[in-house]
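Observations on the model geometry
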Amino acid sequence: MEQKKARVIAYYLPQYHPIPENDEWWGKGFTEWTNVAKARPLFRGHYQPHIPADLGFYDLRLPIIREQQAQLAQEAGIEGFCYWHYWFGNGRQLLEKPFQEVLESGKPDFPFCLGWANESWGNKSWHIKGSKIKDKLLMEQKYSEEDYVKHFYHVLAAFKDKRYIIVDGKPLFVIFQPLEIPQIENLIVLWNHLARENGLEGIYFVGVLYNYGIKKINKNAIKLTNKTDEMAERYRYLLDKGFDAVNSRGILRAEVLHKGLLYRLIYKFLRNFLKMYFLFPVDIYDQQKINKYLYTVEDTWENVYPTLLPGWDRSPRSGRKAMVYVNSTPDVFNKQIGNCLELVKEKLDEHKI
């Protein structure tokens, strides 16, 4: 049997179709395309707007679009999609329709898993009708033991679908903000118990975690730190909570090593606290230098899965407040892929994610 080079899973954002809530909050017909289309260059050589090619300004309510996406992904060697899943508690969801139709229709016949985007929605990122409205909580993320049970049974049909991505015999489930969930150990124990009661071997929990942060993580406290060599400690902290694996994110550490901690702290202070970002140049990073620091030796661990991230540019959403990666050419991305393949090549095929 030929060995796999990697199991590439693409994160899938379901924001590309209108919903009543976005109509109310941002204006009739709002989708992520609204930001894409209005984006403009913020400095010389800034590649904006990014106009979609193969599928155009698609609408995810259309089955033919979802089929074409799967075909493109398959041709590119991608194993499956990780659909971002919004469960705010007490059965409250947003943007659920595209995946629900994928599940109920059985199409496209393409592997998938779910990623719980467990964070509250506010209105800091986008503009409405040309003017910024005051900071406001739009949809609050809530947690409770009772709700964990409801949540599990809501996604159980997906876990049992023949297309669902399996790791070590268990359905893979990603949690975007694992450290935000109170007593996350309780959820993991409960879901594994419920999974076994319902004919599954358990749930394969993957937590998204930055390999660096100005807040130090340990078992006793969270405190400020400026160290960029504590990846192992951060990963172990999450694994000790019961997670099966970590999806590592290296961009914060890479940005600090690219420009220095002092620069980042000053820029963040001026931008976020004094609201003076408009007085300074856009925060620009060179993709090749980011790639130099993006991965660490801990990403070779059997249960750590690195992230591919070319051309990060949040300016369509947040304008001059965004961090923008430049010089992200296909050749530079190819080298980033090569770096990731080196990280996973000694792992079991099952874990080359």
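Residues numbered from 1 in each chain as written. Predicted model: local features only at pLDDT ≥ 70, side-chain atom pairs only at ≥ 80, totals over all residues. Heavy atoms only, no water.

Turning to the nonpolar core, a few remarks are in order. Core analysis: the biggest nonpolar cluster contains 72 residues, and L94, W121, F159, F173, W191, I203 and F205 have the highest contact counts within it. Core analysis: the next-biggest nonpolar cluster, separate from the first, contains 11 residues, A254, L294, Y325 and L343 among them. (Core = buried A, V, L, I, M, F, W, Y, C linked by side-chain atoms within 4.5 Å. Buried < 20%, exposed > 50% of the residue type's maximum accessible area, 1.4 Å probe, protein only.)

This next bit is on the side chain of N22. Relative to the elements of secondary structure, N22 occurs in helix α1 (residues 20-26). A relative accessible area of 0% means that N22 is categorised as buried. Aside from chain neighbours lying at most four places away, what touches N22 is Q15, G27, F30, L95 and W121. (Helix = DSSP H or I, 4+ residues; strand = E, 2+ residues; numbered from the N terminus. Contact = heavy atoms within 4.5 Å.)

The predicted model of the protein chain averages 91 in pLDDT, with 90% of residues at 70 or higher. Overall, residues 220-224 carries pLDDT values under 50, and its contacts beyond four positions in sequence, including any with other chains, amount to 10 contacts. (pLDDT = per-residue confidence, 0-100.)

Turning our eyes to something else, we now look at the packing of helix α8 (residues 251-259) against helix α10 (residues 287-294). For the pair α8 and α10, the least separation of the axes is 8 Å and the interaxial angle reads 115 degrees. For the crossing formed where α8 meets α10, the hand is right-handed. Note on element contacts: α10 touches α8 through K289, I290, Y293 and L294, opposite I251, R253, A254, E255, L257 and H258. In terms of residue class, the contact of α8 with α10 is made up of six nonpolar, one polar and three charged. (Axes fitted to C-alpha atoms, helices over the stretch in contact; angles between N-to-C directions. Left-handed = near helix turned anticlockwise from the far one by under 90°. Nonpolar A, V, L, I, M, F, W, Y, C, P; charged D, E, K, R; others polar.)

When their charged atoms lie close together, side chains carrying opposite charge are able to pair. Tallying each qualifying case throughout the model produces 16 salt bridges. A salt bridge links K150 to E146; its shortest N-O distance comes to 3.9 Å. In this pair, K150 and E146 are both assigned in helix α5 (residues 145-159), four residues apart and thus about one turn of the helix distant. A salt bridge links E185 to K241, with the shortest nitrogen-to-oxygen separation between them at 3.2 Å. With E185 in helix α6 (residues 184-197) and K241 in the loop between α7 (231-240) and β12 (245-249), this pair connects stretches of sequence that are 56 residues apart. What makes E185 partly exposed here is its relative accessible area of 30%. In this structure K241 comes out as partly exposed when scored by relative accessible area, which is 22%. In the salt-bridge network here, residues are joined through shared partners; they are K4, R7 and E79. (Salt bridge = Lys/Arg side-chain N within 4 Å of Asp/Glu carboxyl O.)

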